[in-house]
Amino acid sequence: MIGTFDQGSFYAYLCLAWFGHMCHGLAISILGPAQPYLAQNVGVLNEQINFIWTGRGVGSCLAAIMTGLVFKSLLRKKWQKLLFLGSFILCAGVFVGLVPWVSSFSILMPALLVAGFSSSCFNVGNCALTVYMLGPERSAPYMQALNAFVGLGFMFGSLIVRPFLPEQAEDSSICGNSKEQMMTNVTFNEEGNVYVDELVETIPAIVWPFLIIASIHIFTGLAIFVLAISKCPLPEYKEKEEKPDAELCNKTEKEEKNILKHPYILLFLSFLFFTISSGTEGFFISQSYTYGICGPHKMTPAKAASLTTA
């Protein structure tokens, strides 16, 4: 049973929730086409820049644990939950906007870890809030819609970055995979720090797509703040208070025992499924653009960006 609520406030939250999950997809998808250029920015090889996905994944795992612990036990009121969501989507936007300005790999890794942590806190918390408001049954289609908007973010991220990629027929200059090839493109100072030299003019204006995506994050976060501060009445699911007879009560207990049979096996299989599917998804997004340019097909940057759109 869902208590009384204002439909306008609920639909406003629903739109912001969709935007927030689209931001989650945008923040992930932009890293694929931008990855080789970020490697040039920080002066590392393509194989080293892949660790940004590890850092982001660690942040996502920590976010799932932390949000699960605090979202229900510490954040009791709906406006508190909304402030939690708004704070983390805003934080994610700030760190996504800082990524193209970073010139050190040791700073890029924790920046993306924090961005992944913040974005995943919003993702997990938003799903929990949807169940909290609508209940386990009515929330199912809304949860699927949230996941669909993550996929929409994957598509739009590739489209946003595409106009800012190099216009030349091919961009094999970013395919250096050995230190000798890197030495022809960068210079070192006496302290051993890497500075981009000749390649600085060929690096595309990747700052702009990051700023566009960061601004969408920030707009969504501020809008959620407004919704939280105004304390608009949102729905809250409550179980029906009924007193069934003894026979029906015993039947319900037996059904619950059958449903909860082998919960740990179900939990392990769910964990295994999401680990494999998310790993495959992350690998495809991270490597498809670089493979399109540096692989045997020698695609143009625009065509290679289309691979992540699919």
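In every chain, residue numbers begin from 1 and rise along the written sequence. The model is predicted, so local features are restricted to residues of pLDDT at least 70 and side-chain atom pairs to those at 80 or more, both for listing and for counting; the totals for chains, interfaces and linings are taken over all residues. Each side-chain value is derived from all of the structure's non-hydrogen atoms; neither hydrogens nor water enter the calculation.

A separate point is the nonpolar core. Only buried Ala, Val, Leu, Ile, Met, Phe, Trp, Tyr and Cys residues count toward a nonpolar core, and they belong to the same one when joined by side-chain atoms within 4.5 Å. Buried means the residue's accessible area, taken with a 1.4 Å probe over protein chains only, is under 20% of the maximum for its type, while exposed means over 50%, and partly exposed covers the values in between. Formed by 33 residues in total, the largest nonpolar core has its most connected members in Leu-38, Ile-49, Leu-108, Phe-210 and Tyr-289. For helices the rule is a DSSP run of H or I covering at least 4 residues; for strands it is a run of E covering at least 2, with both sets numbered from the N terminus onward. Counting residues per element, this core draws most heavily on helix H6 (residues 105-161), which supplies seven residues. Each residue touching Tyr-289, except ones within four places of it in the same chain, is listed here: Gly-32, Pro-33, Pro-36, Tyr-37, Leu-165, Pro-301, Ala-304 and Ala-305. If you look at the next biggest cluster of nonpolar residues, it comprises 27 residues, including Phe-10, Tyr-13, Phe-88 and Leu-134. Contacts: residue pairs with any heavy atoms within 4.5 Å of one another.

So, about the environment of Gly-59. Note on placement: Gly-59 falls in helix H4 (residues 51-70). For Gly-59, a relative accessible area of 0% translates into the label buried. Sequence spacing of Gly-59 and Ser-118 is 59 residues, and the spatial spacing of their C-alpha atoms is 7.9 Å. Non-local contacts of Gly-59, meaning those with residues more than four positions away in its chain, are made with Leu-113, Gly-116 and Phe-117.

Our next topic: H4. Take the residue count of a helix, subtract one, and multiply by 1.5 Å to get its expected span. Helix length check: H4 (20 residues) gives 29 Å between terminal C-alpha atoms against 28 Å at 1.5 Å per residue, within 8%. For H4, the full list of buried residues reads Ile-52, Trp-53, Gly-55, Arg-56, Gly-59, Ala-63, Thr-67 and Val-70. An end-on view of H4 places all buried positions within 150 degrees of arc, on one side of the element. Projecting away from the buried face of H4 at angles above 90 degrees are the exposed residues Cys-61, Ile-65, Gly-68 and Leu-69. Arc definition: it is the arc formed by the directions from the helix axis to the C-beta atoms.

This part covers the side chain of Gln-35. Mapped onto the elements of the fold, Gln-35 is located in helix H2 (residues 31-42). Definition of a polar contact: a pair of N or O atoms within 3.5 Å, with one able to donate and the other able to accept a hydrogen when the atoms are protein atoms, and with sequence-neighbouring residues admitted only if both atoms are side-chain atoms. Within the structure, the side chain of Gln-35 is placed 2.6 Å from the side chain of Trp-53, a separation counted as a polar contact.

A turn of α-helix holds 3.6 residues, and therefore any two residues three or four places apart point the same way. Under the 1.5 Å per step criterion, the end-to-end length of helix H5 (residues 78-98) is 31 Å for 21 residues, consistent within 8% with the ideal 30 Å. Listing the buried residues of H5 in full gives Lys-81, Leu-82, Phe-84, Leu-85, Gly-86, Phe-88, Ile-89, Ala-92, Gly-93, Val-96 and Gly-97. Against the buried residues of H5 lie helix H1 (7-29), H4, H6 and helix H8 (207-229).

Let us look at the environment of Ala-140. Within the element layout of this structure, Ala-140 appears in helix H6. The sequence separation of Ala-140 and Thr-130 amounts to 10 residues, and the corresponding C-alpha distance is 9.1 Å.

Such coordinate-based values are descriptive only and should not be taken to indicate function.
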